[in-house]
Amino acid sequence: MDELIEKLYDYIEPFDPGWKYRIRPASKETMDNYIRAAELSLGSYADRIPASYLKFLERMGEDDGGLISQRYDSAVDMVATNIHEVVEWLDEEEEEKMLPFYIGIHIIPYVMWIDLEKENNKRILGTYDNDYENFTKVSESFEKYLFQCAFDHIVEYEFKEYFSIRKSDVDAIAKYQDITPEKLYKKMIHSVEEYGLNENWFCEPDYYIGESKDTTFSIKYDGDMHGKVTSKSQIIVKSIANDICNFNMGRILNK
């Protein structure tokens, strides 16, 4: 897991060289206390805590330099990702299958969890308040989530455009083209990849992230389609944004 964190450092450094100097590791004593608390809360499931999350705490458990803690800073009043804060959310009364690692409060709490129920499928899930019956998927793994956080609010170039297509428009465009919305989503990705973008390893079926040496593009499909394009070239940003606009108007049928 040291290799994963080093890879994360290398990914962020060109865009925020000071980040790795702002993070603060958790001490060995703090890590030992956390493991004991997790074992009390999770029981046998404690053995399933991802090594990547433990390494995250070891390297930046005291302060993550904003990597996760500031990802949603415009939407919350209080955020807890610090190792001392998240340990308070560990329930010692019964064996849990969910490990909390992010608590954001804006009117009501929003908590993100690592799902430990399945040994080989440790998804990141989110839920509001105490609504533990209605989790939503955030990411397929903690490893992917770390890099998605970096991409979403650190990795970007000078010129950028954001876009959003409402579900009603997505459905209408797909119907016009006589394809499914899912096929439209893949078609849009294919058209943008013609700009030389390559799919990143931390993409997900509903969240595409593509990069070249001077351009980034992302699109998330959750009924709506929304994302951003950034580049060193304003011409490329405008061209991709225009292609997205054309899709939104129901054109670019065979690109």
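Residues numbered from 1 in each chain as written. Predicted model: local features only at pLDDT ≥ 70, side-chain atom pairs only at ≥ 80, totals over all residues. Heavy atoms only, no water.

K.L.:
Requested: an account of the overall build of the protein, with residues and values cited.
P.N.:
Within the protein, the regular secondary structure consists of nine helices and 10 strands. Among the 255 residues that make up the protein, the fraction classed as buried is 48%. At a minimum sequence separation of 6, the contacts of the protein that also span at least 24 residues come to 58%. As displayed, the protein offers around 13200 Å² of accessible surface, 48% of which is attributable to carbon and sulfur atoms. (Helix = DSSP H or I, 4+ residues; strand = E, 2+ residues; numbered from the N terminus. Buried < 20%, exposed > 50% of the residue type's maximum accessible area, 1.4 Å probe, protein only. Contact = heavy atoms within 4.5 Å. Areas by Shrake-Rupley, 256 points an atom, 1.4 Å probe, with all protein chains shown as cover.)

K.L.:
Account for the confidence of the model for the protein, naming residues and giving values.
P.N.:
Scored by pLDDT, the protein has a mean of 87; 89% of the residues are at 70 or more. Here strand β1 (residues 78-80) stands out as the element of the protein with the lowest mean pLDDT, 67, in contrast to strand β8 (residues 207-211), whose mean of 97 is the highest. In this model residues 250-255 is a low-confidence stretch, pLDDT under 50, and it forms 20 contacts with partners more than four residues away in sequence or in other chains. (pLDDT = per-residue confidence, 0-100.)

K.L.:
An account of the side chain of T30 is needed here, citing residue identities and associated values.
P.N.:
Of note, T30 is situated in helix α3 (residues 28-42). Its relative accessible area of 13% is what places T30 among the buried residues. In this structure, T30 is in contact with E62, I83 and H84, ignoring residues within four places of it in sequence.

K.L.:
Let's hear about the sheet that holds β8: which residues, and what values?
P.N.:
Taken together, the five strands give an open sheet; going across it, the order is β6-β10-β9-β8-β7, and neighbouring strands pair in antiparallel fashion. Two strands lie at the open edges of the sheet, namely β6 (159-165) and β7 (198-199), each paired on one side alone. Taken together, the five bridges between β8 and strand β9 (residues 215-221) define a ladder with antiparallel strand orientation. When the sheet's bridge partners are listed, Y207 is paired in β9 with K220. Docked against the sheet, helix α6 (residues 142-153) engages β8, β9 and β10 (225-231), running at close to 65° with respect to β8. (Pairing = 2+ DSSP bridges. Axes fitted to C-alpha atoms, helices over the stretch in contact; angles between N-to-C directions.)

K.L.:
Requested: an account of helix α1 (residues 2-12), with residues and values cited.
P.N.:
For an α-helix, 3.6 residues make a turn, and residues three or four places apart therefore share a direction. Here α1 has its buried residues at L4, I5, L8, Y9, Y11 and I12. What you see down the axis of α1 is that its buried residues fit within an arc of 165°, all on one side. In α1, the exposed positions angled more than 90 degrees off the buried face are occupied by E3 and D10. Residues of α1 that are buried in the fold lie against α2 (19-22), α4 (51-60), α6 and β8. (Arc of directions from axis to C-beta.)

K.L.:
Hey, could you go over unusual backbone geometry for me, with residue numbers and the actual values?
P.N.:
At D178, a position not held by glycine, the phi torsion is positive, near 60°. Tracing the sequence through the fold places D178 in the loop between α7 (167-177) and α8 (181-193).

K.L.:
Requested: an account of the packing of aromatic side chains, with residues and values cited.
P.N.:
According to the stated counting rule, one finds 18 aromatic pairs in the structure shown. Between Y11 and F147 the ring centres are 5.7 Å apart and the planes differ by 40°, which places this aromatic pair in the tilted class. Residue Y11 is located in helix α1, and its partner F147 is located in helix α6; the two are separated by 136 residues in the primary sequence. As far as the burial class goes, Y11 and F147 line up, both buried. (Phe/Tyr/Trp six-rings, centres within 6.5 Å; stacked < 30°, edge-to-face > 60°.)

K.L.:
Tell me about the layout of surface pockets, and name the residues and values.
P.N.:
When its volume is computed, the largest pocket comes out at roughly 430 Å³. Looking at the largest pocket, it is lined by 19 residues, and the ones nearest its centre are R71, D152, Y207, K220 and H226. If you list the elements that add at least two residues to the lining of the largest pocket, you get β5 (136-139), α6, β6, β9 and β10. If one sorts the elements of the lining of the largest pocket by residue count, α6 sits on top with four residues. (1 Å grid on protein atoms, 1.4 Å probe; cavity = no way out; pocket = protein on both sides within 12 Å on 5 of 7 lines; lining within 4 Å. Points joined across faces, edges and corners; volume = space filled by probe spheres on them.)

K.L.:
Can you break down the nonpolar core residue by residue, with the values?
P.N.:
Grouped together as the largest cluster of nonpolar side chains are 75 residues, with contacts concentrated most on Y53, L67, I68, F101 and F217. For this core, the element with the most residues is α6, which contributes seven residues. In this structure I68 touches F56, T81, F101, Y102, F142, Y145, L146 and C149, once residues within four positions along its chain are discounted. (Core = buried A, V, L, I, M, F, W, Y, C linked by side-chain atoms within 4.5 Å.)

K.L.:
Which residues make up the packing of α1 against α4, and what are the values?
P.N.:
Following both chains from N to C, one finds α1 and α4 inclined at 60°, their axes separated by 9 Å at the closest point. In terms of orientation, α1 and α4 fall into the oblique class. Between α1 and α4 lies a crossing whose hand is right-handed. Two secondary-structure elements touch here, α1 through D2, L4, I5, E6 and Y9 and α4 through S52, K55, R59 and M60. Its residues assigned to classes, the contact of α1 with α4 comprises four nonpolar, one polar and four charged. (Parallel < 35°, antiparallel > 145°, perpendicular 65-115°, else oblique. Left-handed = near helix turned anticlockwise from the far one by under 90°. Nonpolar A, V, L, I, M, F, W, Y, C, P; charged D, E, K, R; others polar.)

K.L.:
Outline the packing of α1 against α6, supporting the account with residue identities and numerical values.
P.N.:
At a closest axis distance of 10 Å, the pairing of α1 and α6 adopts a crossing angle of 10°. Overall, the two elements α1 and α6 adopt an arrangement that is roughly parallel. Our pair here, α1 against α6, has a crossing hand that is right-handed. Contacts from L4, I5, K7, L8, Y11 and I12 of α1 reach α6 at E143, L146, F147, A150 and F151.

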